[in-house]
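Listed below are the residues making up each chain.
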Amino acid sequence: MAVLVISEHDNISLKGATLNTIQAAREISFFMDAEVHVLVAGHRARAVAQAAGEVQGVTKVIHPDAEYLAHGLAENMAAQVLAIASNYSHILFPATASGKNIAPRVAAKLDVGQISDITKVIAADTFERPIYAGNAIATVQSIDVTKVITVRTTGFDPAATTGGSAAVETQAAQADSGKSSFVGSEIAKSDRPELTAAKIIVSGGRALGSAEKFNEVMTPLADKLGAALGASRAAVDAGYAPNDWQVGQTGKIVAPQLYVACGISGAIQHLAGMKDSKVIVAINKDPDAPIFQVADYGWVTDYKTAVPELMAALTAIGK
């Protein structure tokens, strides 16, 4: 049997989380000598389906098209997955808001246990996943005939977007469930990289003291580095930064090449969201702050001193 990946897209292009999930599927398929198929359900999304077919390791793309599939509503997406679920031993979703909305519905209908947030494939039926806010790693084994899995995208490198030549198979869409409808969306637009896809992230904490100080200190540093802006939960709760900047267990899970934490103490729930970053730089005046336990480079000083000096150093080297 094959492995199925449920793609995420905007009907124009694949989202990065899909590529990480395809890589996880490829690792599972290695143990089974199985094919990797991708479901691209949407509306007027043929270009997305063709792009999915070019991803390395993908052998077939299934493409149902209907207007009510345009926005990935959970009820309709779950029905679409269930219509073909019997053909697959594993069904993988990115562990995003969308994936976490659809996967439990599929698992419940199939009467199987969901395996959430896997970060490593050990065998076709055995996986690693973080527990206790990432402070421990559990090894879990599933005996279910169909394994419904969500993939923590920071645990897997993205699959290459070239090298594949999978056929796109058009499939009839399941009927609209009528249980929900898309009304509208308000999307914050920014010239900065999207937080979960950014290679560099600059995050601020409650120590910055106000929204004005947050913008005054963090924005120029992010501009200098070409970075996305993030924030701790405490900073978001205090109103210093918007909700979509929150990094952590209850925010966004990130793993950039460089993560700069400014005035962040390092609460467990924040560390759970960023400790997989390749290089972590921490700036905090408290030498006992937990953030220093995961930092590659620690600077024990006040941000009011550190950030101007860092900006001056970056300017001096031509950044």
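Only a predicted model underlies this, so the values are computations on that prediction, with no experimental measurement involved.

**Student:** Got a sec to walk through the packing of helix H5 (residues 211–225) against helix H8 (residues 303–316)? Specific residues and values, please.
**Tutor:** At a closest axis distance of 10 Å, the pairing of H5 and H8 adopts a crossing angle of 25°. In this view, H5 runs roughly parallel relative to H8, as classed from their interaxial angle. Seen from above, H5 lies across H8 with left-handed handedness. Contacts from Lys213, Val217, Pro220, Leu221, Lys224 and Leu225 in H5 reach Tyr303, Val307, Leu310, Met311, Leu314 and Thr315 in H8.

**Student:** Describe the sheet that holds strand E14 (residues 279–283), with residues and values.
**Tutor:** The strand order E12-E11-E13-E14-E15 describes an open sheet built from five strands, whose pairing is parallel. Each of the sheet's edge strands pairs with one partner strand only, and the pair in question is strand E12 (228–231) and strand E15 (297–299). When strand polarity is set aside, the average angle formed by the axes of neighbouring strands in this sheet is 20°. Of the pairings in the sheet, the one linking strand E11 (residues 200–204) to strand E13 (residues 258–262) comprises five bridges and is parallel in character. Residue pairing for E13: Gly204 is matched across the bridge by Cys262. Here H5 sits on the sheet in contact with E11, E12 and E13, set at roughly 170° to E11. Against the sheet, H8 touches E13, E14 and E15, its axis set at about 125° to E15.

**Student:** Before we move on, could you go through the nonpolar core and cite the residues and values that matter?
**Tutor:** Ranked by size, the top nonpolar core spans 28 residues in total, and within it Leu92, Ile118 and Ile149 carry the most contacts. Counting residues per element, this core draws most heavily on helix H1 (residues 16–32), at five residues. Apart from the residues lying within four places of it in its own chain, the contact partners of Ile118 are Phe127, Glu128, Arg129, Ile149, Thr150, Val151, Arg152 and Phe156. Ala85, Tyr88, Ala103 and Val106 belong to the second largest nonpolar core, which has 23 residues in total.

**Student:** Before we move on, can you summarise the pairing of strand E6 (residues 120–123) with the specific residues and values?
**Tutor:** With three bridges connecting them, E6 and strand E7 (residues 126–131) associate as antiparallel partners. The residue bridging Lys120 from the neighbouring strand is Glu128, located in E7.

Analysis parameters
Residues numbered from 1 in each chain as written. Predicted model: local features only at pLDDT ≥ 70, side-chain atom pairs only at ≥ 80, totals over all residues. Heavy atoms only, no water. Axes fitted to C-alpha atoms, helices over the stretch in contact; angles between N-to-C directions. Helix = DSSP H or I, 4+ residues; strand = E, 2+ residues; numbered from the N terminus. Parallel < 35°, antiparallel > 145°, perpendicular 65-115°, else oblique. Left-handed = near helix turned anticlockwise from the far one by under 90°. Contact = heavy atoms within 4.5 Å. Pairing = 2+ DSSP bridges. Core = buried A, V, L, I, M, F, W, Y, C linked by side-chain atoms within 4.5 Å. Buried < 20%, exposed > 50% of the residue type's maximum accessible area, 1.4 Å probe, protein only.

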